[in-house]
Amino acid sequence: MANDPSYTKQKLKVIGSRVRRPDGVDKVTGRAKYGADHNAPGQLVGLFLRSPHAHARIKKISTARAEKLSGVKAIITSEDLPDLTKGDTAARDILENCMARGRALYDGHAVAAVAAVDEQTARKALKLIKVTYELLPHVTDVDEALKPDAPVIHDYLYTNGVEPRPTKPSNLYNVAEFGHGDVDAGFAQADVVVEKSYKTEQVHQGYIEPHACVGSVNPDGTGELWVTTQGHFTYRSVCANLLGMDIAKLKVTSSEIGGGFGGKTHVWIEPVVLALSRKANRPVKAVMSREEVFRASGPASSTSIDVKIGAKKDGTITAAFAALRYQSGPFPGAIPGMPWAAIGAMTSFACYNLANVKTLGYDVVVNRPKVAAYRAPSAPMIAFAVESTMDMVAKELGIEPLDLRIKNAAREGTRACYGPVYGPIGIGATLQAVKNHPHMRARLKKNQGRGMACGFWFNFGGQTCADLNIATDGSVTLTVGTIDVGGSRASLSLIAAEELGIPYKQVKAHIGDTGSLGHNDTTEGSRGTFSSGMAIVFAARQAIEVLRERAAIMWEIPIEDIIWKDGHAKARGSKYSRLKPLSLADIAAQSPSTGGPIAGHNESVPDNAGVSFASHICDVEVDPETGGTRIIRYTVIQDAGKAIHPTYVEGQMQGGAAQGIGWALNEEYIYGDDGRLQNPGFLDYRIPVCSDLPFIDTQILEIPNPNHPYGVRGVGETSIVPPLAAIGNAISNAVGVRMDHTPMSPPRILKALEQLHAS
Amino acid sequence: MLESEAGAAFVLAGGTDLLVRMKLGHIEPALLVDIKRIPAMNSITHSARGTRIGAAVSGAELGEHKAVARAWPGVVEATNLIGSDQVQSRCTMVGNLCNASPAADSVPAMIAAGAKAVVVSRTGRRTVPVEKIVTGPGQTSLARGEVIEAIVLPARPARSGDAYLRFIPRTEMDIAVVSAGVSLTLERGRIKTARVVLGAVAPTAVLVPAAARAIIGSKLDEDALHKLAAACSAACKPIDDKRGTIEYRTKVAGVLGKRAAQIAFQRAGGA
Ligand SMILES: Cc1cc2nc3c(=O)[nH]c(=O)nc-3n(C[C@H](O)[C@H](O)[C@H](O)COP(=O)(O)OP(=O)(O)OC[C@H]3O[C@@H](n4cnc5c(N)ncnc54)[C@H](O)[C@@H]3O)c2cc1C
């Protein structure tokens, strides 16, 4: 009973209040320690030499001259990183991504690394390393990579998921199919069928804090890593495995994180920094430059997508089809068996109740950096395609786009396009909220247009382990193993306070290092508040059991006669009327003599994180002479299940929308014909600046997740899914051009306008 | 000092280009000479005979000089577009000019205004039209040991106006994809003299006499504007790059030329 995850409606005291964030003062005063703020005595500076070529055989690396440079303590190439992955191809790919093995696979691929006494020396050493390359043909575009005459990047990759197995290797490494019903029959029943192809360019998460770490490996085989990461336990096991260390002997401490959005779920420099430290026998610190971050860490896929939707005159969708081609950089997607296009395919039509639906995900390797998760990974691109097509269908039918969506919205009992049958979900409610929102009735001026779009994200639970310790003064420490990427310390403290019946300020949450807790999965899939929150509920309930036991000892009465209520142990029944309730602090004060410290603990794999839906409304103004687009007004409506800390939930909703706006309008990786990235910096990779964005309005809906005690759903990711399409639809309504390529940058819009006027 | 240094030697004004390039490892200077403390380079003098802006005057200082802002709103707004508040407190027009980027914001406005640079060296002083300073991306006509001491703007006749516009995909902290500076003087409601300059459409900022001719004598009617836009587009020799296509730059150069002329016309009191 104690560990029952199901939702129970109850009156809440502190959950849902907007308490002050515990990390705020440190962050605004500059006291917070980020990845690059850690230093170890005697540390060396680590720097990487990276390939300037998109694809090249590495014929020779001469490090002799660099090694002789005074102050250089270690140089590493792939020869110093033997392959210990024993047939685990995913691990081998990580190893190869960290350091090129015989071939450079993208512009920016690390080929060597140096540890030296200072940065100047390390820089000099990099210049003294001589690499002899033999250029190989490269391909960076996803459609080009699928052509029969494209250079084949790996001779060992054969397409998975097709029968019979291909006889030749290719860049297409996986095909995945999802859906149900009969789409051919469905399209035959349709009065209107709209088909359209789309492209989305590659974007980066754009976290302001670059990857940074200090690694220290001792001769006895133990080591430490201080690092900015979304998953220190995962970093620990990946690094230990690649370096042949015992997992438990590597201690990883996470710093404050200056943004990750999925980019810090993967290791990049960390295993190499540890290897440098091992070789030099000194701690080594490395901080990626912005250019390195762009060239060699974390972008999302660029894509090419076809969508086809058929509907009856009354708006009923009879069939929906999508083919998704996503590139994942030079290696198959990070999650074995669930590559990027497959994830995109699963999300494609998740907002709708469809009798006939089919999606195909084609996953492709190209000579670009390894793709990493980016906030609702793979979903925004397909949502751009599907939600744009939805508006086109509505136009053909002469129905309001919002009404078309309401008519076809998924609901409880709908079979999702990716298989499962939904429980209670929020898509219908968010659409209804759109309908009622004053934003929908606001006046528009010339060259302005309004668009809307929906989005979905799965959310994730995962392995979780947490501690709750009560000090003798009654203050409470939480130790959790998920990273605070968006306010989870405040939310978890609220949950503990609610369970224990004490004020929020009596609770302090910490992120434990890997030495202090069991394994916690990476903080991804919007799981932090859901999973660690659940673990804290159970840990608190366990602590309450202990508190009751101790009260029983103090009162010398049976534990069955004691209940926990409003932060106090209370003896039940009139015979105990003389016993004054004992507060948590009263019991804690006596704990040294009643059995020692009082704690609760939980390890679990919370399941059913509760899918999340959002609908966005956006107004734009387009300058028809320059193609420049301004966002005039923006509203996010999202189901949070339960907003534990509403301000943080709104922050997530706004943050995702802001990133989506950047993706929609200006952000893109630009490659030259030589396969080199031309804009690895914030000057020419244009994330929105403050003045580009209006204040983003939010409306939180709360449709409880039945599988969480407080009804929590993940809230961090869904908000980045609708913006691309909402903006595309708004542009179409403003100036009449249907944009099918992101970013919808001024040159692309102006060109589309010219074509429209020419025709 | 600058003349005798054997290695790479640079003048340091605000450093908002120089220090960035050093950090990125693009340049490794052996000598930097900071000019910010030289009094002659630190002041603005403004009179009926003209305006002299010292080479070390920051964008923010220029922006606060009300009389200059009234006489040359286009030059001042162009300079104030550079970067953000932080950058404004350091950056200079002369640094913007000598960095020799085709997209430098203050340069088209200065050329449109007929600005001249006062160039000093150990051996003397010469005055050079601003358009003669930059010879190509990253290149200037300054000889070794030559330093720009100040920018001089001519006396401003009545009924004059100037304006500068740039197109950037964002709202700030961005680099011009195309830009246009226009300065003009009216006589009896008609344009008597004009200078039209485009930025980011060629290796250097380009003065477009044909665009000026298109509007001189007019009241900036539709037809004149149309001809101005066409002349601007025709003068473009842009490149296709990560910041914009040839096609795009050519088209938008005309649009901005037109819009800048309209603002300058209004500022000059034109109806
Ligand atoms: C964040 C950011 C945003 C920016 N935004 C813009 C923008 O919007 N628009 C824009 O045009 N630029 C922009 N810039 C570039 C830069 O700020 C401008 O070019 C600025 O005007 C340079 O002035 P400075 O005084 O800082 O030059 P410095 O960096 O000091 O010098 C630049 C060059 O000029 C030379 N130099 C300087 N003074 C003299 C002199 N008196 N005589 C001879 N040579 C000299 C230097 O040796 C150097 O080569 C931006 C830069 C940053 C960092």
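None of these values were measured; they are calculated from a predicted model.

Thresholds, definitions, all that
- Residues numbered from 1 in each chain as written.
- Chains lettered and ligands numbered in written order.
- Predicted model: local features only at pLDDT ≥ 70, side-chain atom pairs only at ≥ 80, totals over all residues.
- Heavy atoms only, no water.
- Helix = DSSP H or I, 4+ residues; strand = E, 2+ residues; numbered from the N terminus.
- Buried < 20%, exposed > 50% of the residue type's maximum accessible area, 1.4 Å probe, protein only.
- Contact = heavy atoms within 4.5 Å.
- Buried area = accessible area lost by both parts, 1.4 Å probe.
- Salt bridge = Lys/Arg side-chain N within 4 Å of Asp/Glu carboxyl O.
- Polar contact = N/O pair within 3.5 Å; in protein donor to acceptor, adjacent residues only side chain to side chain.
- Pairing = 2+ DSSP bridges.
- Axes fitted to C-alpha atoms, helices over the stretch in contact; angles between N-to-C directions.
- Near = heavy atom within 4 Å.
- Areas by Shrake-Rupley, 256 points an atom, 1.4 Å probe, with all protein chains shown as cover.
- Nonpolar A, V, L, I, M, F, W, Y, C, P; charged D, E, K, R; others polar.
- Domains from an automatic or database assignment.

*Asks:* What is the right way to read the environment of Phe-331 of chain A from this model?
*Replies:* Residue and element names in this part refer to chain A. The residue Phe-331 is located in the loop between β14 (317-327) and α10 (340-347) in this model. Owing to a relative accessible area of 1%, Phe-331 belongs among the buried residues under this scheme. Note: C-alpha distance between Phe-331 and Leu-157 (174 residues apart in sequence) is 9.6 Å. Look past the residues within four positions of Phe-331 in its chain and what remains in contact with it is Asp-93, Glu-96, Asn-97, Leu-105, His-154, Tyr-173, Val-365 and Lys-370.

*Asks:* How should I be thinking about the interface of chain B and chain A in this particular structure?
*Replies:* When the parts of a complex come together, some accessible area is lost, and that lost area is often used as the size of the interface. Contacts between the two partners involve 19 residues from chain B and, on the opposite side, 25 residues from chain A. Carbon and sulfur atoms supply 49% of the area buried between chain B and chain A, which totals about 2,000 Å² over both sides. Our enumeration of links across chain B and chain A arrives at 9 salt bridges. Summed over the shared surface of chain B and chain A, the number is 14 residue pairs in polar contact (both at pLDDT 80 or more).

*Asks:* Explain the sheet that holds strand β23 (residues 598-604) of chain A to me, please; I cannot follow it from the model alone.
*Replies:* Backbone-to-backbone hydrogen bonds pair the strands of a sheet. The strands run either parallel or antiparallel. Residue and element names in this part refer to chain A. With respect to topology, 4 strands assemble into an open sheet ordered β19-β18-β17-β23, the strand pairing being mixed. Among the strands making up the open sheet, the edge pair consists of β19 (507-511) and β23. Across the sheet, the mean angle from the axis of one strand to that of its neighbour is 15°, orientation sign disregarded. Here strand β17 (residues 464-470) runs beside strand β18 (residues 476-480); their pairing, made up of 5 bridges, is antiparallel. From the neighbouring strand, Ile-470 faces β18, where its bridge partner is Val-476. Helix α15 (residues 528-555) rests against β17, β18 and β23 of the sheet, and its axis sits at about 145° to β23.

*Asks:* Hey, could you run me through the site of the ligand in this one?
*Replies:* All names here are of chain B. Among the 31 residues in the neighbourhood of the ligand, the closest are listed as Val-11, Thr-16, Asp-17, Thr-92 and Asp-105. One of the side-chain N or O atoms of Asp-17 is found 2.5 Å from an oxygen atom in the ligand. One of the backbone nitrogen or oxygen atoms of Ile-148 is found 2.9 Å away from a nitrogen atom of the ligand. Relative to its free-state accessible area of 980 Å², the ligand is covered by the protein chains to the extent of 87%. Every element with two or more residues in the shell around the ligand is listed here: β1 (9-12), α1 (18-23), α6 (93-98) and β9 (147-154). Counting residues per element, the shell around the ligand draws most heavily on α6, which supplies 4 residues. Looking at the shell around the ligand, its residues break down into 19 nonpolar, 8 polar and 4 charged. A domain split of the shell around the ligand shows at least three residues from each of domain 1 (38-154) and domain 2 (160-267).

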